[in-house]
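Notes for the structure review
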Number of protein chains: 4
Amino acid sequence: MIESSKLSSSQGVLRYGMVGGGAGAFIGDVHRKTAAFDGKCALAAGAFSRDFDVTKQTGIELGLDEDRLYPDFAAMAEKEAAREDGIDFAVIAAPNYIHFEAAKAFLESGIHVVCEKPFTFTLEQAIDLKRIAENKGLLLCVMYSYSGYPMLRQARAMARAGEIGEVLMVMGEYPQDWLIEVIEGEQRQAAWRTDQAMAGVSNCTGDIGSHIENTAAFVTGLKIKRLLARLDIVGQGRTLDTNSAVLLEYESGATGMYWSSQVAIGNDNALTLRVYGTKGSIEWEQEYPNVLRFTRAGEPTRTLNRGHGYLHPAAASRLPSGHSEGYHEAFANIYSRFADALLKLQSGEALTAEELDFPNADDGIEGVKFIHACVESSKKDSQWVEL
Amino acid sequence: MIESSKLSSSQGVLRYGMVGGGAGAFIGDVHRKTAAFDGKCALAAGAFSRDFDVTKQTGIELGLDEDRLYPDFAAMAEKEAAREDGIDFAVIAAPNYIHFEAAKAFLESGIHVVCEKPFTFTLEQAIDLKRIAENKGLLLCVMYSYSGYPMLRQARAMARAGEIGEVLMVMGEYPQDWLIEVIEGEQRQAAWRTDQAMAGVSNCTGDIGSHIENTAAFVTGLKIKRLLARLDIVGQGRTLDTNSAVLLEYESGATGMYWSSQVAIGNDNALTLRVYGTKGSIEWEQEYPNVLRFTRAGEPTRTLNRGHGYLHPAAASRLPSGHSEGYHEAFANIYSRFADALLKLQSGEALTAEELDFPNADDGIEGVKFIHACVESSKKDSQWVEL
Amino acid sequence: MIESSKLSSSQGVLRYGMVGGGAGAFIGDVHRKTAAFDGKCALAAGAFSRDFDVTKQTGIELGLDEDRLYPDFAAMAEKEAAREDGIDFAVIAAPNYIHFEAAKAFLESGIHVVCEKPFTFTLEQAIDLKRIAENKGLLLCVMYSYSGYPMLRQARAMARAGEIGEVLMVMGEYPQDWLIEVIEGEQRQAAWRTDQAMAGVSNCTGDIGSHIENTAAFVTGLKIKRLLARLDIVGQGRTLDTNSAVLLEYESGATGMYWSSQVAIGNDNALTLRVYGTKGSIEWEQEYPNVLRFTRAGEPTRTLNRGHGYLHPAAASRLPSGHSEGYHEAFANIYSRFADALLKLQSGEALTAEELDFPNADDGIEGVKFIHACVESSKKDSQWVEL
Amino acid sequence: MIESSKLSSSQGVLRYGMVGGGAGAFIGDVHRKTAAFDGKCALAAGAFSRDFDVTKQTGIELGLDEDRLYPDFAAMAEKEAAREDGIDFAVIAAPNYIHFEAAKAFLESGIHVVCEKPFTFTLEQAIDLKRIAENKGLLLCVMYSYSGYPMLRQARAMARAGEIGEVLMVMGEYPQDWLIEVIEGEQRQAAWRTDQAMAGVSNCTGDIGSHIENTAAFVTGLKIKRLLARLDIVGQGRTLDTNSAVLLEYESGATGMYWSSQVAIGNDNALTLRVYGTKGSIEWEQEYPNVLRFTRAGEPTRTLNRGHGYLHPAAASRLPSGHSEGYHEAFANIYSRFADALLKLQSGEALTAEELDFPNADDGIEGVKFIHACVESSKKDSQWVEL
């Protein structure tokens, strides 16, 4: 059970600090906009860049006090922990290689953490962070953002309620095309993701294959028993995978195929999950997140739309049907649940499992396992690897 | 030319007050979330409801100071105008019948205005507001929110650049189905829209037909020369239209058909605009706002995606392609442009036409004309009415 | 009641002769392929062209006996009627201006008729043909081919069974773009359709608007009470409409909008019918004929697929679901029903109404009425015209 | 080089006999309708069933002479070869286990052959048939029908012309759901396909996985170097695969993933091929065969439509764009090319490679190799198998 380790925030608004997310970073801005979306979280501190000047400039633009801008996460963790009005949680939106050290520093300082995925470089690191958080009674959210989409939550509710029967096959794919040219020289996002020192053992599988893994697990609850993978590198001079094909066997006996790619021309972020069961199937696409296709055996396919009365309460959303919600709202949904849990925790109340409904260290751990198993199998010429 | 009538806001963040948008109101919350989206506007005052208790409760939940919660818009306009730290602009997100009086009160108090559509009950009122704003050098934004969608801005840029040639036909439609049952008794949104005293001369044409009119004008720049309409009332006991069919002739000689409906089962907010020209065509759907279909004569249809490098600068957006933006971002785009213009105006600089790129009183006036012409034609058994 | 006027065909295969359909004609070849599709009809005679040499060449290529190739329809009607093994029916697949005279000649010679649409130039002609056929006990099929599509028949079965409740609105459209350039000089299909002498009072409304009219009537059974129309001519030097906008009021009180165009870039044969009722709606597209969208109020849209067990028997088709059927099969379905009826008639049995389930003179008459009413309304500056 | 072994047919119409295709058989009827579609082939003989009574009944319904109905293929081959007016070619549309013996019998009797896929049980048999046909100068067509779709031919033309650059990945899938219930007891199509004695070593991979293999090879020309597979059996009591996952490495270094399934609810015949290259990509779906999606790197996706002037001559088709062609026309296209080749061969002329543009023994051989490699890999726990 998790208990509060901190005094409650003033006025029910949580203060947070951010690691990464300097000017020009895409995901940092998404975190800031969406943490603020429901008025539950306010940015109070930052170590936005390895370059302190960038941090200061970003912080000023964002209206932060200068004394809460830090040269690095270690300083932020130490100083904020010491303040009366210190941050309630830290958001780690920096390249992968920073995740472990930064998360550890905040957790050890008694500060809750929201961390980008993939969680850590090694499984040991991931388990370590989970252990620290548990020992300290701290919340640890790993930002698998797609689990915030209402219609994916609808898919989960339906799958868990048995509406498609027992799962037989899981087909997941996440094609992109932004690395079809070797743009690492000019493009920051590409530069760190294709660099082992910053991204870890994998690029494509780690960055987007892990989203398939999490999305499939989120919806079906299936545990991977073993997998085999073939990771390919497309692009002169690269050392990490840009295309990844995986066959899976789940503990239940169901099977799966996951394909992720950064070199599939014509695709942006075309994450698609299709789950086939003994009674029905569901299909969801990240690029058209407001709809979910559902087919019962022998019946016409139904297209479910976000915002309708026929949906499960878990698919609750902000806008009426027919007005698109997207990526920002998915993030905001996770921040909203995280903030609700943290505010309740701070108020001294115990949290139920349902109130801890955001992606957490366990999801992070599964992700790290998945990535390493894929890399290992590919190195062994696609032999099966047990998880 | 518009000049500043007010001291500049502290720290570049504009303060605004809201009329309407009490707890349970859909559009008020959208205004608040999206005005705040880019950190340029902060809510500072409110008259959220005709019931002052509701206003106070809403205001407290939103963290406002109690002395900036008002029983009505008139009080807000008077008191805020008198404060050193008074609001920079007012957002009018209340039912139609309040628009004119409220907008007038704020403008006359020297406060800029963002007003929901349809603008006013009568054309005279609309012209009156425009005149007051101009005389006082105040900004007046009429919230035709769909014009904030990046791909609709792309459509405009392409149409204006001649990529589809001279426009021949405009096909616009906006079907919904939420009024297929007579729910006015229980549902607030339905109650005021179907009530002449609160909605004006039209329900369907005024509420959503006007969106077609504005969207078509926004993209094509065409002026309506004359139109004929058939407005129908579906639903026992109703007195305002719920289905609206319009034929149009533009000044250029192009023709159009607009269909709006609140009783077309299977549709949520399916605004679709198709513009056919002598060289090509464009098609955009509000429910799938991230794509735009474009066809040149004799060539395959191209599906343009938000976020890509091949788009016009006017289609700039926040997220990379493949991560959906939606309704909130469209609103936020308009607030962002409005705020930029207002901040510049407050700094004492003159604004260029390009910097006034948000829907304004002229759009509001065209909308009122359109609604009245439709109602008049329908009453005359669908005779042509000149605009 | 219709009785046989002819001896039965040998071996259950009907012989037919064709008017029009010389080399290069698109629709003649479709008639030949699809009349033969189920082995029930065999081509035996032809007057394929005004140019007898073309007829002879076409006939030889098709393996016909030379003595059954005729310089014109009149000769064919006379000679075939006199033969022991004369044709059972005639197919009139020539430009509109020939329909009346040719159909009359065959009917008066005691030969059944399949005629292309639009049926005749004038309403009097249409009624005349109907009367002759009835008096002689002959079958008269007017080839509204789209009514042969299985999923449109499913739509009819559902609408007639009350699955969408009482019809409120009918939205029909048929955009094409093949006449966006003035190609009449080089293209035969364009040449006769844009020529009043050959096409009659209308091009666009007559050629494709009439398909909307028939499709809507086929599915809903609604009778048009009155309509208003605006017909426009796009294209230098043209005298007949290429774009047609129609508002309709049906006898039941339902309303409709029909749009047809030959100058809407990006469209081939995009006939779409949407019918909205008090309980549900259906939507069908000619270019994707194997699916039908159906929505019940408050439920997700269902996509029904041809070939499935959940369909009405009326939607019976040849191929399993998932293997596309198209235009040829739609034609073949009509020929198949026409041939079944004719064979039964020849066997001396009386036909039930259900066995006469192909488009007939009444459909042709409604089509002629519709075209004339549209032209008349447009001439009167879009006044309502009663049907 | 292939030379004629037979006298030319009368009037340019080829006579053929059919093995299999008795009443109730789906594919036999498709062969008959589509062989006849262009008037180039006429059914003249049949051994439609193992039950001679069924053959006789079917033959009479089809209007065949009784003396050309045979108790088995052996009798047909012998007797027809001896007739002056004997069949030009035989169509083998019977279950897999009959393919080899029947094809052999006809070829050895000097009769050309069109054989359903998968070609034979063993690779040796497939090679044997190819050898016999070559020695005798006979045409041997293996009916991979999807290669007859015009837009798949367009895909091939584009891929071969380098429009997508060098192929990187091939994603093929063919999900169905008709075997989700164990219907073998009542359904003939299911009964033989799930029976090793009649279907061979595989059900799903052999029946539909082989279509992916052929379609991918047809479009890309890539040769498979090695593959690994996981074949699963869903359904109580079954002994052959109903779900099949395959990873592939081509000789060029490209990689692929093929998924076929007969238990994926919501799918009918959803064969989809996506080919990703260094410059662009193409995507085609069998259920929507009239369109092809094509994307060049950095450009919007183009949707190419059958029948348009911008297509490659190889994509020639019968109907104008916007009138669907489907499965029947795809078959008919192959029959048409086969018939043209055979007629020319019979006229004594030599055939060019381009005139032999129908799926042949080599395609059949590749299919058999593919099926066996998949089965072998799956038995070896998904190890790579070289082809």
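Structural data are supplied above this passage.
Residues numbered from 1 in each chain as written. Chains lettered and ligands numbered in written order. Predicted model: local features only at pLDDT ≥ 70, side-chain atom pairs only at ≥ 80, totals over all residues. Heavy atoms only, no water.

Some details on the overall build of chain A
- Within chain A one finds 11 helices and 14 strands.
- Computed over the C-alpha atoms, the radius of gyration of chain A is 21 Å, within 12% of the 21 Å expected from 2.2 N^0.38 for a compact globule of 387 residues.
- Structurally, chain A occupies a C-alpha span of about 60 × 50 × 40 Å along its principal axes.
- With 387 residues in all, chain A has 64% of them scored as buried. (Helix = DSSP H or I, 4+ residues; strand = E, 2+ residues; numbered from the N terminus. Rg over C-alpha atoms; globule rule 2.2 N^0.38 Å. Buried < 20%, exposed > 50% of the residue type's maximum accessible area, 1.4 Å probe, protein only.)

Quick notes on the relation of the copies chain D and chain C
- The transform that puts chain D on chain C rotates by 180 degrees and translates by 0.0 Å along the axis, for an RMSD of 0.0 Å. Read as a symmetry element, the transformation amounts to a two-fold axis. Rotation axis and chain D: the residue whose C-alpha lies nearest the axis is Gly326 of chain D, separated from it by 3.0 Å. (Least-squares fit on C-alpha atoms with pLDDT ≥ 70 in both.)

Concerning the interface of chain D and chain C
- On the chain C side, the residues contacting the 28 residues of chain D number 28 residues.
- Summing both partners gives a buried area of about 2,300 Å² for chain D against chain C, and 57% of it is carried by carbon and sulfur.
- Considering only the surface of chain D that becomes buried against chain C, Phe37, His323 and Ser324 of chain D emerge as the three largest contributors, covering 24% of it.
- Notably, a salt bridge pairs Asp38 of chain D with Lys33 of chain C, separated by 3.3 Å at the nearest N-O pair.
- At the boundary of chain D with chain C, the tally comes to 18 residue pairs in polar contact (both at pLDDT 80 or more).
- Residue assignment for the side of chain D that touches chain C shows that the elements contributing at least two residues are helix 1 (26-35) and helix 10 (327-346) of chain D.
- Class assignment for the residues of the side of chain D that touches chain C results in 11 nonpolar, 10 polar and seven charged. (Contact = heavy atoms within 4.5 Å. Buried area = accessible area lost by both parts, 1.4 Å probe. Salt bridge = Lys/Arg side-chain N within 4 Å of Asp/Glu carboxyl O. Polar contact = N/O pair within 3.5 Å; in protein donor to acceptor, adjacent residues only side chain to side chain. Nonpolar A, V, L, I, M, F, W, Y, C, P; charged D, E, K, R; others polar.)

Observations concerning the state of the cysteines
Residues and elements named next belong to chain A.
- The final tally for this structure, using the stated rule, is zero disulfides over all chains.
- Not part of a disulfide, Cys141 finds its nearest cysteine sulfur in Cys115, a span of 9.2 Å.
- Summary of cysteine pairing: Cys204 is not part of a disulfide, and the nearest cysteine sulfur, belonging to Cys374, is at 10 Å. (Disulfide = S-S within 2.5 Å.)

Observations regarding helix 5 (residues 123-136) of chain B
Residue and element names in this part refer to chain B.
- Its 14 residues give helix 5 an end-to-end C-alpha distance of 20 Å, which sits within 8% of 20 Å, the value for a rise of 1.5 Å per residue.
- The set of residues buried in helix 5 consists of Gln125, Ala126, Asp128, Leu129, Ile132 and Ala133. For helix 5, the buried positions fall inside an angular range of 160 degrees around the axis, keeping them on one side. The exposed set on the far side of helix 5, more than 90 degrees from its buried face, consists of Glu124, Glu134 and Asn135. (Expected span 1.5 Å × (residues − 1). Arc of directions from axis to C-beta.)

Some remarks on the interface of chain D and chain A
- Chain D puts 39 residues into the contact, and the matching count from chain A is 39 residues.
- Buried area between chain D and chain A, summed over both chains or domains, comes out near 2,900 Å², and the portion from carbon and sulfur atoms is 64%.
- Three residues stand out in chain D for area buried against chain A, namely Arg230, Met257 and Ile265 of chain D, and they jointly supply 21% of the buried area on that side.
- At the boundary of chain D with chain A, the tally comes to six salt bridges.
- Between Asp381 of chain D and Arg226 of chain A there is a salt bridge, with its nearest N and O atoms 2.8 Å apart.
- One can count 14 residue pairs in polar contact (both at pLDDT 80 or more) joining chain D with chain A.
- Secondary structure elements with two or more residues in the side of chain D that touches chain A: strand 6 (167-175), strand 7 (224-232), strand 8 (243-250), strand 9 (255-261), strand 10 (272-277), strand 11 (280-285) and strand 12 (291-296) of chain D.
- Its residues placed into classes, the side of chain D that touches chain A shows 18 nonpolar, 12 polar and nine charged.

Some remarks on the relation of the copies chain D and chain A
- Screw-axis analysis of chain D against chain A gives a translation of 0.0 Å along the axis, an RMSD of 0.0 Å, and a rotation angle of 180 degrees.
- Most of the interface of chain D is mirrored in chain A: 100% of its interface residues are interface residues there too.

Overview of the packing of helix 4 (residues 96-108) of chain D against helix 5 (residues 123-136) of chain D
Residues and elements named next belong to chain D.
- Across the interface, helix 4 lies against helix 5 with an axial gap of 10 Å and an inter-helix angle of 15 degrees. The orientation of helix 4 with respect to helix 5, classified from their angle, is roughly parallel. Relative to helix 5, the crossing made by helix 4 is left-handed. Note on element contacts: helix 5 touches helix 4 through Gln125, Asp128, Leu129, Ile132, Ala133 and Lys136, opposite Phe100, Ala103, Lys104, Leu107 and Glu108. (Axes fitted to C-alpha atoms, helices over the stretch in contact; angles between N-to-C directions. Parallel < 35°, antiparallel > 145°, perpendicular 65-115°, else oblique. Left-handed = near helix turned anticlockwise from the far one by under 90°.)

Brief notes about the pattern of salt bridges
All names here are of chain A.
- Taken as a whole and assessed by the stated rule, the structure comprises 124 salt bridges over all chains.
- One salt bridge in this structure joins Arg68 and Asp85, with 3.4 Å as the shortest N-O distance. Here the residue Arg68 occupies a position in the loop between helix 2 (52-61) and helix 3 (73-82), and Asp85 occupies one in the loop between helix 3 and strand 3 (89-92), the gap between them amounting to 17 residues.
- Residue class for Arg68 comes out buried when judged on its relative accessible area of 5%.
- The shortest N-O distance in the salt bridge between Lys380 and Glu376 comes to 2.7 Å.

Details of the pairing of strand 6 (residues 167-175) of chain A
Residue and element names in this part refer to chain A.
- Most of strand 6 is tucked away, with nine of its nine residues classed as buried.
- Across six bridges, the pairing between strand 6 and strand 10 (residues 272-277) is antiparallel. Each residue of the ladder has a partner; that of Met171, found in strand 10, is Arg274.
- Bridging between strand 6 and strand 9 (residues 255-261) involves seven bridges; their strand directions are parallel. Bridging from a neighbouring strand, Met169 pairs with Thr255 of strand 9. (Pairing = 2+ DSSP bridges.)

Topic: the sheet that holds strand 1 (residues 14-19) of chain A
Residues and elements named next belong to chain A.
- If you walk across this open sheet you meet the five strands as 2-1-3-4-5, and the pairing is parallel. One side of each edge strand has no neighbouring strand; the edge strands of this open sheet are strand 2 (41-47) and strand 5 (140-143). Averaged over all pairs of adjacent strands, the angle between strand axes in this sheet comes to 20 degrees, irrespective of strand direction.
- Across four bridges, strand 1 lies against strand 3 in parallel orientation. Paired with Gly17 across the two strands is Ala90, which belongs to strand 3.

With respect to the side chain of Ser244 of chain C
Residues and elements named next belong to chain C.
- Summarising the element assignment, Ser244 is placed in strand 8 (residues 243-250).
- A distance of 3.0 Å separates the side chain of Ser244 from the side chain of Thr205, its partner in a polar contact.
- Apart from the residues within four sequence positions on either side, Ser244 is in contact with Cys204, Thr205, Arg230, Leu231, Tyr258, Trp259 and Ser260.

Here we look at the packing of aromatic side chains
- Taken as a whole and assessed by the stated rule, the structure comprises 52 aromatic pairs over all chains.
- Here Tyr149 of chain D and Trp284 of chain D contribute two aromatic rings whose centre-to-centre distance is 5.2 Å and whose plane-to-plane angle is 55 degrees, an arrangement assigned as tilted. Highlighted residues: Tyr149 of chain D in the loop between strand 5 (140-143) and helix 6 (150-160) and Trp284 of chain D in strand 11, separated in sequence by 135 residues. Like Trp284 of chain D, Tyr149 of chain D is buried.
- Aromatic rings pair up to connect Phe26, Tyr146, Tyr149, Tyr174, Trp284, Tyr327 and Phe331 of chain A into one cluster.
- Lying across the ring of Trp384 of chain A, Arg226 of chain A places its NZ or CZ 4.1 Å from the centre. (Phe/Tyr/Trp six-rings, centres within 6.5 Å; stacked < 30°, edge-to-face > 60°. Lys NZ or Arg CZ within 6 Å of the ring centre and 35° of its normal.)

Description of the packing of helix 6 of chain D against helix 9 (residues 204-220) of chain D
All names here are of chain D.
- In the contact formed by helix 6 and helix 9, the axes pass within 7 Å of each other and the chain directions differ by 45 degrees. Considered as vectors, helix 6 and helix 9 are oriented oblique to each other. Taken together, the residues of helix 9 that come into contact with helix 6 (itself represented by Leu152, Arg153, Ala155, Arg156, Ala159 and Arg160) are Thr215, Ala217, Phe218, Val219 and Thr220.
- Looking at the contact of helix 6 with helix 9, its residues break down into six nonpolar, two polar and three charged.

Things to note about the sheet that holds strand 5 of chain D
Residue and element names in this part refer to chain D.
- What the five strands build is an open sheet, ordered 2-1-3-4-5; its pairing is parallel. Pairing within the sheet leaves two strands with one partner each, and these edge strands are strand 2 (41-47) and strand 5. Geometrically, the sheet is characterised by an average inter-axis angle of 20 degrees between neighbouring strands, direction not taken into account.
- Where strand 4 (residues 112-116) and strand 5 come together, four bridges link them in parallel fashion. Residue pairing for strand 5: Val113 is matched across the bridge by Leu140.
- The strands that helix 1 touches are strand 1 (14-19), strand 2, strand 3 (89-92), strand 4 and strand 5; relative to strand 1, the one it contacts most, it runs at about 180 degrees.

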